[in-house]
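# Structural overview
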Amino acid sequence: SEPTLRYEVLAMEVDPDLHPNTSCGLRAVMEHKRAISRTAVQVGRYSWQHQLQGVLEFEKVDFANRSIVVNVLASLVLPQGQIYAVAGYRATQVV
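My aim in this report is to walk through the structure given alongside it, one point at a time. (Residues numbered from 1 in each chain as written. Predicted model: local features only at pLDDT ≥ 70, side-chain atom pairs only at ≥ 80, totals over all residues. Heavy atoms only, no water.)

## Some points on helix H1 (residues 23-31)
For H1, the full list of buried residues reads Ser23, Gly25, Leu26 and Val29. Seen along its axis, H1 keeps its buried residues to an arc of 160°; they face one direction. In this structure, H1 carries Cys24 and Glu31 as exposed residues pointing more than 90 degrees from its buried face. Buried residues in H1 make contact with strand S1 (4-13), strand S2 (35-43), strand S3 (68-77) and strand S4 (83-88). (Buried < 20%, exposed > 50% of the residue type's maximum accessible area, 1.4 Å probe, protein only. Helix = DSSP H or I, 4+ residues; strand = E, 2+ residues; numbered from the N terminus. Arc of directions from axis to C-beta. Contact = heavy atoms within 4.5 Å.)

Here's what the structure looks like:
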């Protein structure tokens with residue numbers, strides 16, 4: 001068995017207590033259930049030449065007077081299930 005790449009796409013409300021531009025901040029968003037939407041995409045054989053797609057669903061989310069950011073947390077997962085490394089990207093404000 002070989003390592004896999006897991007991508008978590010997270011949407012969260014802008015909050016000074018959250019740090020959506022760091023991998024630690026994104027992990028905290030997941031651990032404290034602060035994501036208003038999230039989806040996971042897992043790749044068995046990692047390749048930088050493939051484009052991945054995921055769908056975020058926003059059921060019953062009122063976007064009035066809210067600022068929402070989206071970011072991706074990439075994790076390299078060993079065959080035994082341990083996370084070997086994580087990386088976050090640059091958060092993008094969508095609303």
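What follows picks up the thread again.
## Concerning unusual backbone geometry
Trans peptide bonds make up most of the peptide bonds, and negative phi angles are found at most residues other than glycine. Phi at Lys33 takes a positive value of approximately 55°, unusual for a residue other than glycine. Within the secondary structure, Lys33 sits in the loop between H1 and S2. Its relative accessible area of 73% is what places Lys33 among the exposed residues. Backbone geometry at Asn65 places phi at a positive 60°, although glycine is not the residue there. Positionally, Asn65 belongs in the loop between S2 and S3.

## Remarks on the packing of aromatic side chains
Geometry of an aromatic ring pair is reported as the spacing of the ring centres plus the angle between the planes. Applying the stated criterion to the full structure yields one aromatic pair. Note on Phe58 and Phe63: the rings are 5.5 Å apart at their centroids and 65° apart in plane angle, and the pair reads as edge-to-face. Residue classification places Phe63 among the partly exposed positions, given a relative accessible area of 31%. (Phe/Tyr/Trp six-rings, centres within 6.5 Å; stacked < 30°, edge-to-face > 60°.)

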